Amino acid sequence: MEDPAALGAGNPPANGYSNGNGNGGGKGKPAAPKGRETFRSQRRESEGSVDCPTLEFEYGDTDGHAAELSELYSYTENPEFTTNRRCFEEDFKTQVQGKEWLELEEDAQKAYVMGLLDRLEVVSRERRLKVARAVLYLAQGTFGECDSEVDVLHWSRYNCFLLYQMGTFSAFLELLHMEIDNSQACSSALRKPAISIADSTELRVLLSVMYLMVENIRLERETDSYGWRRARETFRTELSFSMHNEEPFALLLFSMVTKFCSGLAPHFPIKKVLLLLWKVVMFTLGGFEQLQALKVQKREELGLPPLAEDSIQVVKSMRAASPPSYTLDLGESQLAPPPSKLRGRRGSRRQLLTKQDSLDIYNERDLFKTEEPATEEEEESAGDGERTLDGELDLLEQDPLVPPPPSQAPLSAERVAFPKGLPWTPKVRQKDIEHFLEMSRNKFIGFTLEQDTDTLVGLPRPIHESVKTLKQAFWPKRLRHAACRILVAQPGIEPVPPVLGAWSLNHWTAREVPPLALWLKVNAKVFAALQTWKYGINTVLKHFAAVHDAKHKYISIADVQIKNEEELEKCPMSLGEEVVPETPCEILYQGMLCSLPQYMIALLKILLAAAPTSKAKTDSINILADVLPEEMPITVLQSMKLGIDVNRHKEIIVKSISALLLLLLKHFKLNHIYQFEYVSQHLVFANCIPLILKFFNQNILSYITAKNSISVLDYPCCIIQDLPELTTESLEAGDNNQFCWRNLFSCINLLRLLNKLTKWKHSRTMMLVVFKSAPILKRALKVKQAMLQLYVLKLLKIQTKYLGRQWRKSNMKTMSAIYQKVRHRMNDDWAYGNDIDARPWDFQAEECTLRANIEAFNSRRYDRPQDSEFSPVDNCLQSVLGQRLDLPEDFHYSYELWLEREVFSQPICWEELLQNH
């Protein structure tokens, strides 16, 4: 069967594969030359069609400023730019005579904006819409008075700060509440057979103004004045916290999303809502750089060692690998060649071994490899049947195998570039050491010691060395200097600080750290300074060993939070109430908690409708309400333009949802691990994992290089230049970019999201295996971009042990790429199936335990009834009966009737009462 990625790139028909193999169809040896020629021609065509150069892509929070603003508008909305300008000019001429907006002083501009806000408070919807369009024209940069795109962007930013300082955002927020609650517009949209862009005019104007203000004010530049920086912080605070007893702005947008998905408001411009929601969350909680800074700060507050690296920065320095060509690999085939074909044939053995040498991650070549060309023997291609994923995923399991190309001349020794080392610092978790010791004790002693990583009695000497390696494998020089500075600057501190209390000094001796002792003696000044310390040099060595153990053994923020949660559950009285800081993330989680499942389901419904692999269904939601014109196109050119606009519209929706979900997960994980797990579980329950796999079950290279944009119609180009006459050729040509930034950004975000959901969750990893994700993910490796490849390889790594020996044998190039690009952990046997965590009977218990912990956390922290079971109780009968109760005024007049009705007339069955007690 053909590779779906190759199908989209113009591969030859399927019969070429089935008939081209001379040996596979039971033919004799004489038919082989014709088969070889067929395979060679197919290989040249397919390799040329799917060949992808290295994509120069820089991952970040957003695309360029102009690109982010242009994605707010669909091409169908372009005529409204002229309408906005006309509304502004008509209003401006009645208020200011003989001048233009850019010619006014700042005070005059503020006075005019105040007048606009006053004229917003009218009953007539038509007049209110005209004033709102005039405000939108200001936020769009008063393009009628500008000569270039740079000027438009400059004045758009200037006007947005001015509008915010005059209170425009609050005024538009009130109007947005009115439009959301406008039942007449909702009922009108529900009665229409087809909803168009005209049904959401007021909402689109309001959301456009608010988006432009958020995006322009959010953007930080070095040239910003002090007033602008202060306004930015004030705006961030207003959006983050509840102002005037109102919910945070993000929650209002979430409610719009759920209302749209429920079918109660199908006219909502969902693309604008999602873009605004994403930017508000990014503005209030912080992007990836702010997230890394918060992580460093949090680790410092918890007393944890600093992070060894920033993952995004490490990935930026990595090079993309050449994808495993499907013409040289067995692909996902689960069938091995018959032993009779390999017996006694050295060429076939060499042919299989050459599969390990195709990745050029470091431009390496094996100098000791034989250069003898392999015998051209065709292997039998085998395919697996189709599998369905949500009824629609068609997974193809195999790629054809053809002979490898002839070997090239050996490279000179001077040109060989060997890798300097693996890109990631290895990590060791406490759980890794516990699992290693559990297996060793079961093997050599026959019993285990729970949560004991120090007792090694009865274990062989190599096991002692292994545990020592796990604990002390690597101690960077900078950490030695840091520990010395602590000891020299504060000679009176305890040998082990409180944060390291779990590591007792009794388990360490000076002889266990000879490299450190030698290092101290070499550094005479440090050694002399430590000689005067009252604890003595042996205690210093013990302290260094304990510090070293904590520095190398990776302790995550989540581990500390889980341990604290366990202690709070055990000792609620002695530890008292937890002090929860009121951060923007915490406030957002509290607001989302009650309706969080509905929010996640709504986002995934929209993502499913926007996925390019989704098929049209009658019960699916309509996400094209804010892109379809009132009158459908009648010419071929108009149809092509609308088709590009619809595809672009869907791509922007996928981009905003993927970035929003990733930001929420990362911030919630930093705030508290159980908040992250709560969101993750609801995403998993809503079938997020098969949905993402469904998204990637396409020609992902074609999706990333798609040209669904018309540059001359993008803002701000379309409002500065005279639009040229569009032709079918110009629409087909698209732009000259190597790839589509938003599509590659979306793919990376979805892969990161999938990693977040499945990491250390073996039950969810098994979902990847059950849904046959390996061939889907492997096809994504054809995109030569280091970050995308890294997260694909991570997903392949966690399921490798479940895919079987034949899969690993058939995909050695992918295995090599995993080894070279993905972080390794000490004693990590990811490539084999003997992991203690791989017990299938624990999967259900693991998920249920996690759910119970999440519910306990939410109940303890957020469900606080007034009459708590820990509140003091008055046990004195006289005191209780002597309390004065405030009764209603009319109770004195009607208490006899109350007694008769509630007490005397009610029969009491004393036997049942006693039995119940």
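The structure reproduced in this document is the subject of the present report. Remember, it's a predicted structure, so these values are computed and weren't measured experimentally. (Residues numbered from 1 in each chain as written. Predicted model: local features only at pLDDT ≥ 70, side-chain atom pairs only at ≥ 80, totals over all residues. Heavy atoms only, no water.)

**Observations regarding unusual backbone geometry**
Line of reasoning, step 1. The peptide bond linking Y715 to P716 adopts the cis configuration, its omega dihedral lying at 5°.
Line of reasoning, step 2. Note on placement: P716 falls in the loop between α32 (700-704) and α33 (717-720).
Line of reasoning, step 3. The backbone of N687 shows a phi angle near 65°, a positive value even though the residue is not glycine.
Line of reasoning, step 4. Relative to the helices and strands, N687 is located in the loop between α30 (673-685) and α31 (688-696). (Helix = DSSP H or I, 4+ residues; strand = E, 2+ residues; numbered from the N terminus.)

**Focus on the environment of L795**
Line of reasoning, step 1. Inspection of the secondary structure puts L795 in helix α38 (residues 786-799).
Line of reasoning, step 2. A C-alpha to C-alpha distance of 6.4 Å links L795 and N755, two positions 40 residues apart in sequence.

**Some details on the nonpolar core**
Side chains of nonpolar character tend, in soluble globular proteins, to be buried together.
Line of reasoning, step 1. Of all hydrophobic cores here, the largest spans 186 residues; its most connected members are F249, M592, I606, L683 and L788.
Line of reasoning, step 2. The element best represented in this core is helix α29 (residues 636-671), accounting for 14 residues.
Line of reasoning, step 3. What L683 contacts, discounting residues up to four positions off in sequence, is M600, L604, L661, L665, C688, L753 and L757.
Line of reasoning, step 4. In terms of nonpolar packing, the next biggest core, distinct from the first, is built from nine residues, F436, L437, L459 and L470 among them. (Core = buried A, V, L, I, M, F, W, Y, C linked by side-chain atoms within 4.5 Å. Buried < 20%, exposed > 50% of the residue type's maximum accessible area, 1.4 Å probe, protein only. Contact = heavy atoms within 4.5 Å.)

**Topic: the state of the cysteines**
Line of reasoning, step 1. Tallied over the full model, the rule gives zero disulfides.
Line of reasoning, step 2. This cysteine, C718, is not joined by any disulfide, and C717 carries the nearest cysteine sulfur, 7.0 Å off. (Disulfide = S-S within 2.5 Å.)

**Regarding the environment of V783**
Line of reasoning, step 1. Mapped onto the elements, V783 comes out in the loop between α37 (773-780) and α38.
Line of reasoning, step 2. We classify V783 as buried; its relative accessible area is 0%.
Line of reasoning, step 3. A sequence separation of 463 residues divides V783 from A320, and the C-alpha atoms of the two residues are 8.7 Å apart.
Line of reasoning, step 4. For V783, the residues in contact, after removing those within four places along its chain, are C52, L55, I700, L701, I704, L788 and Q789.

**Points about the packing of helix α13 (residues 249-261) against helix α28 (residues 596-610)**
Line of reasoning, step 1. Interaxial distance between α13 and α28 falls to 9 Å at its minimum, and their mutual angle equals 60°. Taken together, the axis directions place α13 and α28 in an arrangement best described as oblique. Of the two possible hands of crossing, α13 and α28 adopt the one that is left-handed. Facing α13, whose interface residues are L251, F254, S255, V257, T258, F260 and C261, α28 presents Q598, Y599, A602, L603, K605 and I606.
Line of reasoning, step 2. Per-class residue counts for the contact of α13 with α28 are nine nonpolar, three polar and one charged. (Axes fitted to C-alpha atoms, helices over the stretch in contact; angles between N-to-C directions. Parallel < 35°, antiparallel > 145°, perpendicular 65-115°, else oblique. Left-handed = near helix turned anticlockwise from the far one by under 90°. Nonpolar A, V, L, I, M, F, W, Y, C, P; charged D, E, K, R; others polar.)

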